[in-house]
Amino acid sequence: DQQVKQNSPSLSVQEGRISILNCDYTNSMFDYFLWYKKYPAEGPTFLISISSIKDKNEDGRFTVFLNKSAKHLSLHIVPSQPGDSAVYFCAASPSKGKGNLIFGKGTKLSVKP
Amino acid sequence: DVKVTQSSRYLVKRTGEKVFLECVQDMDHENMFWYRQDPGLGLRLIYFSYDVKMKEKGDIPEGYSVSREKKERFSLILESASTNQTSMYLCASSSSGFSTDTQYFGPGTRLTVL
């Protein structure tokens, strides 16, 4: 059973507009969440993270929001740029885990000029 | 800068061959991980290790084994490669054993088994 779900396999956005990528999770024991970005033929690169004690974390154009009651997080990219076109993975870390992460299946973002 | 390197970017092997994928990290990280990525399936954890000579099975360990003889090196072994092991293999490392540590990934090895 999938513990981390990214229900949209793809998203297309116009350059300059906001991109919103969503992620849902089922395990209330997750205490840390991360977003990774992946270009084809490359490894994922860490983008931004949020602890479960916060509801928002911002880094430049990227903001992650966490709604614990809904078990939902989202990544906002404003403004979107063509170079943001990639697959975005949401990941969650179980509390008292051994450092392993649970990944969603990814959302492919296309930013059109 | 964290650096995770993988021995090959592209690899082509034949069914039944023994395949070694090597991963090296230079940040003295305790944890190392092997994933495979397939379209529509995301990243699936094969094995991980949180210390030298320690290993734990991930979600899909069947057909794979691992070796961690030194802290900086984590090897994934396909004992007898099969066509359904054609995939992108990703190695990652992180700095400690619990909860909040970010994993850093290598560039990946695209393995094709014919």
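Residues numbered from 1 in each chain as written. Chains lettered and ligands numbered in written order. Predicted model: local features only at pLDDT ≥ 70, side-chain atom pairs only at ≥ 80, totals over all residues. Heavy atoms only, no water.

Draft legend 1. Here's a closer look at the overall build of chain A. Looking only at helices and strands, chain A has zero helices and 11 strands in total. Helices (α) and strands (β) of chain A occur, in sequence order from the N terminus, as β-β-β-β-β-β-β-β-β-β-β. At 13 Å, chain A has a C-alpha radius of gyration in line with the 13 Å of a compact globule built from 113 residues. Principal axes of the C-alpha set define a box for chain A whose edges measure 45 × 30 × 20 Å. Summarising the internal contacts of chain A: among those between residues at least 6 apart in sequence, 54% fall at separations of at least 24. Just so you have it, chain A exposes about 5400 Å², and 49% of that area is on carbon and sulfur atoms. Between the centroid of the 14 positive side chains of chain A and the centroid of its 9 negative side chains there is a distance of 5 Å. (Helix = DSSP H or I, 4+ residues; strand = E, 2+ residues; numbered from the N terminus. Rg over C-alpha atoms; globule rule 2.2 N^0.38 Å. Contact = heavy atoms within 4.5 Å. Areas by Shrake-Rupley, 256 points an atom, 1.4 Å probe, with all protein chains shown as cover. Lys, Arg positive; Asp, Glu negative; His and termini not counted. Charge placed at Lys NZ, Arg CZ, Asp CG, Glu CD.)

Draft legend 2. Geometry of the interface of chain A and chain B. Taken together, the contact between chain A and chain B spans 23 residues of the former and 27 residues of the latter. For the pair chain A and chain B, the summed buried area comes to about 1900 Å², and 56% of that belongs to carbon and sulfur atoms. At the surface where chain A touches chain B, the tally comes to zero salt bridges. Applying the counting criterion to the chain A and chain B interface returns four residue pairs in polar contact (both at pLDDT 80 or more). Secondary structure elements with two or more residues in the side of chain A that touches chain B: strand 4 (30–38) and strand 9 (86–94) of chain A. Take the side of chain A that touches chain B: its biggest share by element is five residues, from strand 4 of chain A. (Buried area = accessible area lost by both parts, 1.4 Å probe. Salt bridge = Lys/Arg side-chain N within 4 Å of Asp/Glu carboxyl O. Polar contact = N/O pair within 3.5 Å; in protein donor to acceptor, adjacent residues only side chain to side chain.)

Draft legend 3. Region of the structure containing the sheet that holds strand 1 (residues 4–6) of chain B. Residue and element names in this part refer to chain B. Taken together, four strands build an open sheet; the order of strands is 1-3-8-7 and the sheet is antiparallel. In this open sheet, the two edge strands, each paired with only one partner strand, are strand 1 and strand 7 (64–70). Each strand axis lies, on average, 20 degrees off the axis of its neighbour in the sheet, ignoring direction. The pairing of strand 3 (residues 19–25) with strand 8 (residues 73–78) spans six bridges and is classified as antiparallel. Counterpart to E22 in the pairing with strand 8 is S75. (Pairing = 2+ DSSP bridges. Axes fitted to C-alpha atoms, helices over the stretch in contact; angles between N-to-C directions.)

Draft legend 4. Fine view of the side chain of S94 of chain B. Relative to the helices and strands, S94 of chain B is located in strand 9 (residues 87–94). The contact partners of S94 of chain B, leaving out residues within four places of it in the chain, are G99 of chain A together with H29, E30, N31, F33, D101, T102 and Q103 of chain B.

Draft legend 5. Molecular detail of the pattern of salt bridges. Residue and element names in this part refer to chain B. All chains considered together, the criterion is met by eight salt bridges over all chains. Between D38 and R44 there is a salt bridge, and its shortest N-O distance comes to 2.8 Å. By relative accessible area, which is 11% here, D38 ends up buried. By relative accessible area, which is 24% here, R44 ends up partly exposed. (Buried < 20%, exposed > 50% of the residue type's maximum accessible area, 1.4 Å probe, protein only.)

Draft legend 6. Region of interest: the sheet that holds strand 7 (residues 62–67) of chain A. Residue and element names in this part refer to chain A. Here we have five strands laid out as an open sheet, ordered 1-3-8-7-6, and antiparallel in their pairing. The sheet is open, and its two edges are formed by strand 1 (4–5) and strand 6 (56–59), each paired on a single side. Here strand 6 pairs with strand 7 via four bridges, running antiparallel. Opposite E58, over in strand 7, you have T63 as the bridge partner.

Draft legend 7. Layout of the pairing of strand 9 of chain B. All names here are of chain B. Here strand 9 lies mainly inside the structure; eight of its eight residues are buried. In terms of strand pairing, strand 4 (residues 31–38) meets strand 9 through seven bridges, oriented antiparallel. Bridge assignment links Y35 to a residue of strand 9, and that residue is L90. Across three bridges, the pairing between strand 9 and strand 11 (residues 109–113) is antiparallel. What sits directly across from M88, in strand 11, is R110.

Draft legend 8. Local environment of the nonpolar core. One finds F33, W35, L73, L75 and Y88 of chain A to be the most contacted residues of the largest nonpolar core, which totals 23 residues. Where this core is concerned, the elements lending two or more residues are strand 3 (19–25), strand 4, strand 5 (45–51), strand 7, strand 8 (72–77), strand 9 and strand 11 (107–112) of chain A. Examining the composition of this core, we find that four residues originate from one element, strand 9 of chain A, more than from any other. With residues up to four places along the chain from it excluded, the contact list for F33 of chain A reads Y25, I48, S49, I50, S52, L66, L73, A91 and A92 of chain A. Listed in part, the 20 residues of the second largest apolar core include V4, F74, C91 and V113 of chain B. (Core = buried A, V, L, I, M, F, W, Y, C linked by side-chain atoms within 4.5 Å.)

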